[in-house]
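An overview of the molecular structure
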Amino acid sequence: MTHTAVLDELMTLVDPGKVLTDAASLEAYGKDWTKHFPPAPLAIVFPKSTEQVQAVVRWANAHGVALVPSGGRTGLSAGAVAANGEVVVSFDYLNRILDFNASDRTVACQPGVVTRQLQQFAEEQGLYYPVDFASSGSSQIGGNIGTNAGGIKVIRYGMTRNWVAGLKVVTGKGDLLELNKDLIKNATGYDLRQLFIGAEGTLGFVVEATMRLDRAPRNLTAMVLGTPDFDSIMPVLHAFQGKLDLTAFEFFSDKALAKVVGRGDVPAPFDTPCPFYALLEFEASSEEVASDALATFEHCVEQGWVLDGVMSQSETQLQNLWKLREYISETISHWTPYKNDISVTVSKVPAFLRDIDEIVARHYPDFEVVWYGHIGDGNLHLNILKPEQMEKDLFFATCAKVNKWVFEIVERYNGSISAEHGVGMTKRDYLAYSRSPAEIAYMKAIKQVFDPNGIMNPGKIFAPE
Ligand code: 2HG
Ligand code: ZN
């Protein structure tokens, strides 16, 4: 069959007008927030039902066409990039909240529900969907599940995985599986639901997800604290964790702060210049909690771990303090950064960061290095900024050389080469730094079971053979 005939057949499987091949759509739907790979999809298809997703997957198997799932395309590892003539399956029209169960505190969602839409829906019910990150206004639930998205509240609430009560998926063979049926307790063998979470669409596509909700937090309050050096951040974390149930503990460097404040729309937290800053958040649910927080702050100042600090007194101040952290990624995207999203266990963070910082400073003397991340859960974002005049390909090639040494340190510390962004295409060549050869062989064997023809997001997680 010719390409045209194959695409003509695809058009009969979905609603009229729901296959696009115009240049602007191919460009827009063929990429995510990474800038490494030029998009080159064959077409974009917009199914409107589970049956249509199944029909598209069966069609892809019949014709050997590769499929790339597409949600909000806010990914940072090229997991949703279609660079090799694939058909992009967009979930934009499967975007409804289907059901809410107040007793179970669950919401059934289609995969194209935007994260913020779910958060707002939860709020309207007096509840809370706690997985949150800067891109929650665009990212979709299906994509969050595909990457097991983390974000800024992981220290308290865990990753997306913790909130998935049940999943309906269409496997690479076109079968519809209903996984876990929203049960809390279910000891009936392998939990296949967990396999699909974080699988980046390489085993199948989520067509419905039941997400759990939590009680709404009371009077969230944030502090931004300036520290004299990186090593002081950890004792600050321990001091606060000893007194309070933190909902977040983030950090960023002075370089990151300077870029965000340089935008002109977010005020600096205070005047004292500090090399590092911690942002912590807790529920100031009583006078006692608030005074414990202040006493801990004073203790940290006495110990010399904190030079200055500020505590939010209103919702607006809370939002403004969060902007200092949440705007970093978008602000520095202007410099086409080379990104690393690495993690180790929390106790190893100081030594790990020191070792990596030393390598990076030695090999990138001319590049600006920006550190920030979710330090309370051991996840560090290391961004190397491209000098304005340097050519993009040369910059990425230079970074790739140093990456090897960075990942050797990750391996030595038993860490992860991708804490929360996923492997996609940008990290696939480095998977062996985090997973053993035996483990990778089992992972590939699992893919073979669910996707025998290799049509589901090929080239993601594993390099093409
Ligand atoms: C964040 O924590 C996001 O802000 C993005 O995970 C991190 O841009 C990055 O490197
Ligand atoms: Zn992050």
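Described below are features of the structure shown in this document. (Residues numbered from 1 in each chain as written. Chains lettered and ligands numbered in written order. Predicted model: local features only at pLDDT ≥ 70, side-chain atom pairs only at ≥ 80, totals over all residues. Heavy atoms only, no water.)

Regarding the site of ligand 1
Heads up, the rule is: The nearness test applies per residue and asks whether one of its heavy atoms lies within 4 Å of the molecule or strand. Counting of polar contacts relies on pairs of N or O atoms within 3.5 Å, with two restrictions inside protein: one atom must be capable of donating a hydrogen and the other of accepting it, and residues adjacent in sequence are counted only when both atoms are side-chain atoms. All accessible areas in this document rest on Shrake-Rupley with a 1.4 Å probe, and a residue is counted as covered only by the protein chains that are shown. Strands are runs of DSSP state E lasting at least two residues, helices are runs of H or I lasting at least four, and both sets are numbered from the N terminus onward.
Residues in close proximity to ligand 1 include L76, R325, S329, K339, Y372, H374, H381, N383, E420 and H421, which together make up its full environment. With respect to ligand 1, the side chain of S329 contributes an N or O atom lying 2.5 Å from an oxygen atom. Separating an oxygen atom of ligand 1 from a side-chain N or O atom of H374 is a distance of 3.0 Å. Contact with the protein chains removes 89% of the 300 Å² of surface that ligand 1 exposes when unbound. Of all the elements in the fold, those that place two or more residues in the shell around ligand 1 are β17 (368-374) and β18 (379-385).

Overview of the coordination of the zinc ion (ligand 2)
The following threshold applies: Donor atoms: N, O and S within 2.8 Å of the metal, or within 3.2 Å for Na, K and Ca. Because water is excluded, sites can look incomplete. Between buried and exposed lies partly exposed: a residue is buried under 20% and exposed over 50% of the maximum accessible area for its type, with that area taken using a 1.4 Å probe on protein chains only.
Protein ligation of the zinc ion (ligand 2) involves H374 (NE2), H381 (NE2) and E420 (OE), the donor distances falling in the range 1.9 to 2.1 Å. Summarised as a motif, the one-chain spacing of the donors to the zinc ion (ligand 2) is H-x6-H-x38-E. Using a relative accessible area of 4% as the deciding quantity, one classes H374 as buried.

A few points about the packing of aromatic side chains
To be explicit about the condition: Classification of ring pairs rests on two measures: the distance between centres of Phe, Tyr or Trp rings, Trp counted by its six-membered ring, which must be within 6.5 Å, and the angle between planes, read as stacked under 30 degrees, edge-to-face over 60 and tilted in between. Note on geometry: a ring has a charge over it if NZ (lysine) or CZ (arginine) is within 6 Å of the ring centre and within 35 degrees of the ring normal.
This model, assessed by the stated rule, comprises 20 aromatic pairs. Ring plane angle 90 degrees and centroid distance 5.6 Å describe the contact between F46 and Y93, whose orientation is recorded as edge-to-face. Pair noted here: F46 is in the loop between β2 (43-45) and α3 (50-63) and Y93 is in the loop between β4 (87-90) and β5 (97-101), with a separation of 47 residues, a long-range link. By relative accessible area, Y93 is classed as partly exposed at 39%. Residues Y430 and Y433 carry aromatic rings whose centres are separated by 6.4 Å and whose planes lie at 35 degrees to one another, so their mutual orientation is tilted. Both residues of the pair, Y430 and Y433, belong to the buried class. The ring of Y29 has R73 lying over it, and the distance from NZ or CZ to the ring centre is 4.2 Å. Positioned above the aromatic ring of Y338 is the side chain of K427, whose terminal nitrogen or guanidinium carbon lies 5.8 Å from the ring centre.

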